[in-house]
Amino acid sequence: MATQTQAPVKPGSENQLYILQQGIVEDAPGGVPAHLSFGVLSTVPDPVNPGDINFALKAPTGFAFTGWLSWAYHDVNTLQAKGNLKTTQGTLGDGGRMLTFTHNPYLSTNQECIGYAAQVTAVDGATPGRYTDGELRVGMATPVKLKGRVLDPDED
């Protein structure tokens, strides 16, 4: 059986990643949990291996994380999954508004990406509307704004 070798860890190489929220999460208070999705892609053709780094997510106003998250590798061109979905529990803070976890977003080429999904719910009493005050920090990379829309309870 052949084993895949990874490029050496290069601290700070997360700055070679393009990080984005995929869609806008929507949920109504009391509704079924939703997924706040984000992707990580490489901006260079060479492997990117920052090693295990901290991911810190701040939910948009009106939302709280449940702690569950998952990720899988995908082909950039077809978006087909290239590997098994991995699921884990992150660490919650600030009443569920913060979620942190450690992961190595290793990408062997710029032809693959990692799709992440963090489970969230609209909190009881949240005012319906669109909120853009969430944030995603991946190591030392530039932070990404996270957006969400709290729906009226009858919209869910």
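Before going into details, it helps to say that this report is about the structure given with it. None of these values were measured; they are calculated from a predicted model.

## A closer look at the overall build of the chain
Point 1. Secondary structure assignment for the chain yields 0 helices and 11 strands.
Point 2. Listed by position from the N terminus, the elements making up the chain come as β-β-β-β-β-β-β-β-β-β-β.
Point 3. Scaling as 2.2 N^0.38, a compact globule of 156 residues should have a C-alpha radius of gyration of about 15 Å, and the chain matches this with 16 Å.
Point 4. Counting only C-alpha atoms, the chain reaches 50 × 30 × 25 Å along its principal axes.
Point 5. For the chain, with 156 residues in total, the buried portion stands at 44%.
Point 6. Considering only contacts within the chain whose residues lie at least 6 apart along the sequence, 72% involve residues at least 24 apart.
Point 7. On the chain, roughly 8200 Å² of surface is accessible, and the fraction owed to carbon and sulfur atoms is 51%.
Point 8. Across the chain, the mean location of the 10 positive side-chain charges is 7 Å away from that of the 15 negative side-chain charges.

## A short note on the sheet that holds strand E3 (residues 34–42)
Point 1. Taken together, the 5 strands give an open sheet; going across it, the order is E1-E3-E9-E5-E6, and neighbouring strands pair in antiparallel fashion. The open sheet is flanked by strand E1 (17–21) and strand E6 (86–89), the only strands paired with a single partner. Within this sheet the neighbouring strands show an average axis-to-axis angle of 20°, counted without direction.
Point 2. By the bridge criterion, 10 bridges tie strand E5 (residues 63–75) to strand E9 (residues 112–122) in an arrangement that is antiparallel. Bridge pairing links Ser70 to Ala117 in E9.

## As for the pairing of strand E4 (residues 53–58)
Point 1. In this sheet, strand E8 (residues 98–103) lies alongside E4 in antiparallel orientation, the contact comprising 6 bridges. Bridge pairing links Ala56 to Thr100 in E8.

## Let's talk about the packing of aromatic side chains
Point 1. In the structure shown here, the tally under the stated rule is 7 aromatic pairs.
Point 2. A centroid spacing of 4.8 Å and a plane angle of 5° characterise the contact between Phe38 and Tyr116, whose relative ring orientation is stacked. In this pair, Phe38 sits in strand E3 while Tyr116 sits in strand E9, placing the two residues 78 residues apart along the sequence. For the pair Phe38 and Tyr116, one class covers both residues: buried.
Point 3. Taking 6.1 Å as the distance between ring centres and 45° as the angle between the ring planes, the aromatic pair formed by Trp71 and Tyr116 counts as tilted. In this pair, Trp71 is assigned in strand E5 and Tyr116 in strand E9, connecting sequence segments 45 residues apart. The exposure classification of Trp71 matches that of Tyr116, with both residues buried.
Point 4. Through successive ring pairs, a cluster of aromatic residues spans Phe38, Phe55, Trp71, Phe101 and Tyr116.

Procedures and definitions
Residues numbered from 1 in each chain as written. Predicted model: local features only at pLDDT ≥ 70, side-chain atom pairs only at ≥ 80, totals over all residues. Heavy atoms only, no water. Helix = DSSP H or I, 4+ residues; strand = E, 2+ residues; numbered from the N terminus. Rg over C-alpha atoms; globule rule 2.2 N^0.38 Å. Buried < 20%, exposed > 50% of the residue type's maximum accessible area, 1.4 Å probe, protein only. Contact = heavy atoms within 4.5 Å. Areas by Shrake-Rupley, 256 points an atom, 1.4 Å probe, with all protein chains shown as cover. Lys, Arg positive; Asp, Glu negative; His and termini not counted. Charge placed at Lys NZ, Arg CZ, Asp CG, Glu CD. Pairing = 2+ DSSP bridges. Axes fitted to C-alpha atoms, helices over the stretch in contact; angles between N-to-C directions. Phe/Tyr/Trp six-rings, centres within 6.5 Å; stacked < 30°, edge-to-face > 60°.

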